[in-house]
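# Coordinate analysis (summary)
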Amino acid sequence: MTELDSETRRLVIVNAGTSDPSSSRMLADRIAGKTIDRLNADGIHAIVQTIDLGPLAGEVGHAIVSGTPEGALAEAILSLAGADGVIATTPVYKGGMSGLFKSFVDVLDNDLLIATPVVLAATAGSARHALVIDDQLRPLFAFMRSLPTPTSVFAAPEDWGDPALGKRIDRAALELSALVGSGIAAKISTEGWKNYQHGWGGVAAGQDAYAVDLGSDLMRIAAGGR
Amino acid sequence: MQFGIFSVSDITADPTSGSTPSEAERIEGTVLIARKAEEVGLDVFAIGEHHNPPFFSSSPTALLSHIAALTERLILSTSVTLVTTNDPVRLAEEYAMAQHLAKGRLDLTLGRGNTVPVYPWFGKDIRQGLHLALENYNLLHRLWREDVVDWEGQFRTALQGFTSTPRPLDDVPPFIWHGSIRTPEIAEQAAYYGNGFFANNLFAPIGHFKPLVEFYRQRFEHYGHGTQEQAIVGLGGQAFIAKRSQDAFDGLRPYFAKAPVYDHSLTLEQWAERSPLAVGSPQQVIDKTLEQQEIFGDYQRQLWIMDHSGLPTKTVLEQLDLLGEEVVPVLRTEMAARRSPGAAEAPTHGSLVRAKYGDGEPRQPRPNANRGDNVTGTSPYQDSDPSQPARHPVFQ
């Protein structure tokens, strides 16, 4: 990870599309590009980093079983932890988000994406999957207590030739750039940090991974108290 | 630096023959393994505690006392003693008794265990597991240090004027290691009391437990027991050794393939590369262990799990020959050479007696005649000050 000045905002794409080129990745790239344009127009410098889950599939599978992300997956999660905004895209294979996408989210710390703005996006072979985002991704990111943008972006094959897709991308990008530019994530996660549960050794941004609350009831008992 | 082996007492079918040892065979084999550990020059043998098949070790003190009678030098320990579901009063009594029979060659590692149903079997609630562990040790600590204890807590019947018998050998309690792989509260408790901290160092990436060990070291210093490097750290591990590296991998592979404790999305080779699992030639096992010293700092006890997953007793005994003859002697020399002069020695009963009494005679408690209670009058032991009554319970 290159050193960034503190004013630079970092968008992270999480892409569960596995082909190359991947329509999920193309959708994410378009959303990211528009978001960068918006941020730049507001005088905010921003960059994009991409986590393609395909090459991490083995590590994701291992982490699901062992409970401990390792290697390139651990690096990807660290990168995601520091994101100012996220663009999450998944293909729909069997009536739902891809298993790889869900497995990746399953190995994240519960507090990793607290108050992080996220655009939810999906691609599918049929418009009949259009509700996958609202039906599955929104509840998932609600659990993660992130901030999904009001507009999500779904693309079936016919959408790629439809200017309406571009408009939805614009809308989502505006919403994401507004959230990222507002600094709302930092405000919530900094001021409210202690109000959320955090695991020992967690990698969420803003967490001192191995900070311990020595004032807890159990810590008092550990030190001979009652 | 102490070197030894620890076992969880699993009775598992040997995947190469398909045959499962009987409980009798496995228990007998475990005694042989412990005696072999002493014969090949290891320092420690530790056994776990389980209350369900396919494990046999529901009663660690019985096994350890028996082994104590058959050995001269070996330190007997546990891996782990369940401090959650056992009554701390029974722990105090049973392990003090075993400590006497072992003539001080006994210590304990306390843990919460990883068998979920064990809690209801003993009338406990797993959601209170950590609270139980912390509070139970607080009581155990006092039972071994105060002749007469008044006590009230969340989980067990209050005690008034209770004396745990026998008093620890030489009035010096067995050394305690607190075992944990993820819980800072346990590390805190170990540090608060100046006890040891043990990380099993299994099934996780190399160095995974370092933050917890470091936290323990910092808190040990915070509580004034010494510097961080004087903290008492134990590490587990697992080894399978052959003269030729490839033979070690080939030998372990069928057992690894059936072992439920491994994530089999990785190969044996990947496990050996990523985790503290040491498979290979004696030199490879030596290198892996020296790497732990580099990562965790100087530590006081290294235990390996050698009998598991259906490995036959004969193989385990051969493994111990290799461990004792070709690995540990080199490690003793190498680790001592790399050791900071300020690092603590591993505590033993002898060192704890010296720390408490110097050159003086250890206390040998002799009880007074039975008077029916400990609540009235002095301590129940003859060396108590007659003018100093036992502390009376506070009725509120």
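Sequence order as written defines the numbering, with residues in each chain counted from 1. Whichever chain is written first becomes A and whichever ligand is written first becomes 1, with later ones labelled in order. Per-residue local features are limited, in this predicted model, to residues with pLDDT of at least 70; the limit for side-chain atom pairs, both in listing and counting, is 80 or more; totals at the level of whole chains, interfaces and linings are taken over all residues. Each side-chain value is worked out from all heavy atoms of the structure, with water and hydrogens disregarded.

Looking at an unreviewed UniProt entry, chain B carries the name LLM class flavin-dependent oxidoreductase, with the source organism given as Labedella populi.

The name an unreviewed UniProt entry gives chain A is NADH-dependent FMN reductase, with Labedella populi as the organism.

### Some remarks on the overall build of chain B
The criterion, for reference: Comment: elements are numbered from the N terminus, with helices defined as DSSP H or I runs of at least four residues and strands as E runs of at least two. Restricting the calculation to C-alpha atoms gives the radius of gyration, and the globule rule supplies 2.2 Å times the number of residues raised to the power 0.38. Only protein chains enter the accessibility calculation, which uses a 1.4 Å probe. A residue is then buried if its area is under 20% of the maximum for its type, exposed if over 50%, and partly exposed in between. When checking whether two residues touch, look at their non-hydrogen atoms; a contact exists if any pair is within 4.5 Å.
Regarding its fold elements, chain B presents twelve helices and 13 strands. The C-alpha radius of gyration computed for chain B amounts to 22 Å, which stays within 12% of the reference 21 Å derived for 396 residues, consistent with globular compactness. For chain B, the spread of C-alpha atoms along the three principal axes comes to 70 × 45 × 40 Å. Here chain B holds 396 residues, and the buried ones make up 57% of them. The contacts in chain B between residues at least 6 apart in sequence include a share of 70% that link residues at least 24 apart.

### With respect to the UniProt feature "domain: NADPH-dependent FMN reductase-like" (unreviewed entry) in chain A
Convention followed: UniProt positions are given in the numbering used here, feature names are shortened, and annotations may be inferred rather than shown by experiment.
The UniProt record marks residues 10-160 of chain A with the feature "domain: NADPH-dependent FMN reductase-like" (unreviewed entry), using the residue numbering of this structure. A helix fraction of 40% and a strand fraction of 23% characterise residues 10-160 of chain A, whose end C-alpha atoms lie 27 Å from each other.

### Some thoughts on the packing of helix H1 (residues 23-41) of chain A against helix H6 (residues 163-182) of chain A
How two helices pack is summed up by the angle between their axes together with the distance between the axes. Residue and element names in this part refer to chain A. So the rule is basically this: To obtain each axis, a line is fitted to C-alpha atoms, and for helices this fit is confined to the stretch in contact; angles are then taken between N-to-C directions over 0 to 180 degrees. In these notes the angle categories are as follows: under 35 degrees is roughly parallel, over 145 is roughly antiparallel, 65 to 115 is roughly perpendicular, and the rest is oblique. Should the near helix be turned anticlockwise from the far one by less than a right angle, the crossing is termed left-handed; should it be turned clockwise, right-handed.
At a minimum axis distance of 8 Å, the contact between H1 and H6 shows a crossing angle of 50°. By the criterion of interaxial angle, the relationship of H1 to H6 is oblique. Judged by the twist between their axes, the crossing of H1 over H6 is right-handed. Here Leu-27, Arg-30, Ile-31, Lys-34, Thr-35, Arg-38 and Leu-39 of H1 lie close against H6, whose contacting residues are Leu-165, Gly-166, Ile-169, Asp-170, Ala-173, Leu-174, Leu-176, Ser-177, Val-180 and Gly-181.

### Brief notes about the interface of chain B and chain A
How we decide: When two parts are put together, the accessible area they lose, computed with a 1.4 Å probe and summed over both, is reported as buried area. Note on definitions: salt bridges are taken to be side-chain nitrogens of Lys or Arg within 4 Å of carboxyl oxygens of Asp or Glu. Under this definition, polar contacts are N or O atom pairs within 3.5 Å; protein pairs additionally need one hydrogen-donor-capable and one acceptor-capable atom, and for neighbouring residues in sequence, both atoms have to be side-chain atoms.
The partner chain A presents 20 residues to the 24 residues of chain B that form the contact. Broken down residue by residue, the surface that chain B buries against chain A is led by Pro-211, Asp-263 and Arg-274 of chain B, which jointly contribute 24%. On inspection of chain B and its partner chain A, the count reaches two salt bridges. We note a salt bridge from Arg-274 of chain B to Glu-59 of chain A, for which the minimum N-O separation is 2.4 Å. Scanning the region where chain B abuts chain A turns up seven residue pairs in polar contact (both at pLDDT 80 or more). Listing elements by their share of the side of chain B that touches chain A, those giving two or more residues are helix H5 (129-143), helix H6 (184-193) and helix H7 (210-222) of chain B. Counting residues per element, the side of chain B that touches chain A draws most heavily on H6 of chain B, at six residues.

### Considering the pairing of strand S12 (residues 277-280) of chain B
Residue and element names in this part refer to chain B. The condition is simple: Pairs of strands are assigned from DSSP output, requiring at least two bridges between the strands.
The side-chain alternation of S12 yields two buried faces, one formed by Leu-277 and Val-279 and the other by Ala-278 and Gly-280. Taken together, the four bridges between strand S11 (residues 238-241) and S12 define a ladder with parallel strand orientation. The partner of Gln-238 across the bridge, within S12, is Leu-277.

### As for the side chain of Arg-10 of chain A
All names here are of chain A. What counts here: Note that His is not counted, nor are the chain ends; the positive residues are Lys and Arg, and the negative ones are Asp and Glu.
By the secondary structure assignment, Arg-10 is in strand S1 (residues 9-15). Here Arg-10 occupies a buried position and makes no salt bridge, while the nearest side chain of opposite charge, Asp-84, is found at 5.7 Å. Within polar-contact distance, the side chain of Arg-10 engages the backbone oxygen of Gly-82 at 3.2 Å.

### Quick notes on the environment of Val-172 of chain B
Residues and elements named next belong to chain B. Positionally, Val-172 belongs in the loop between strand S7 (159-162) and strand S8 (176-179). Among the residues examined, Val-172 registers a relative accessible area of 3% and is labelled buried. In this view, Val-172 contacts Gln-99, His-349, Leu-352, Val-353, Lys-356 and Tyr-357; residues no more than four positions away in its chain are not counted.

### A look at the packing of aromatic side chains
In this description, an aromatic ring pair is defined by two values, namely the gap between the centres and the angle between the planes. All names here are of chain B. Going by this rule: Here the aromatic set is Phe, Tyr and Trp, taking the six-membered ring for Trp, and pairing holds for ring centres within 6.5 Å; pairs whose planes are under 30 degrees apart are stacked, those over 60 apart are edge-to-face, and all others are tilted.
All told, the structure shown has 13 aromatic pairs over all chains when counted by the stated rule. Both rings, one in Phe-6 and one in Phe-198, keep their centres 6.0 Å apart while their planes meet at 75°; by these two values the pair is edge-to-face. You can see Phe-6 sitting in strand S1 (residues 2-7) and its partner Phe-198 sitting in strand S9 (residues 196-199), a full 192 residues away along the chain. As far as the burial class goes, Phe-6 and Phe-198 line up, both buried.

### Considering the UniProt feature "domain: Luciferase-like" (unreviewed entry) in chain B
Feature annotation in UniProt places "domain: Luciferase-like" (unreviewed entry) on residues 1-273 of chain B, given in this structure's numbering. For the annotated span residues 1-273 of chain B, helix accounts for 38% and strand for 15% of the residues, and the straight-line distance between the end C-alpha atoms is 25 Å.

### Structural notes on the packing of H6 of chain B against H7 of chain B
Residue and element names in this part refer to chain B. Formally: The nonpolar class holds Ala, Val, Leu, Ile, Met, Phe, Trp, Tyr, Cys and Pro. Asp, Glu, Lys and Arg form the charged class, and all remaining residues, Gly among them, are polar.
One can describe the packing of H6 onto H7 by two numbers: an axis separation of 8 Å at closest approach and a directional angle of 35°. For H6 against H7, the interelement crossing comes out right-handed. In this structure, H6 contributes Pro-184, Ala-187, Glu-188, Ala-190 and Ala-191 to the contact, and H7 contributes Leu-212, Phe-215, Tyr-216, Arg-219 and Phe-220. By residue class, the composition of the contact of H6 with H7 is eight nonpolar, no polar and two charged.

### Details of the environment of Gln-197 of chain A
Structurally, Gln-197 of chain A can be placed in the loop between helix H7 (184-191) and helix H8 (217-222). In this structure, the C-alpha to C-alpha distance between Gln-197 of chain A and Asn-110 of chain A, residues 87 residues apart in sequence, is 8.3 Å.

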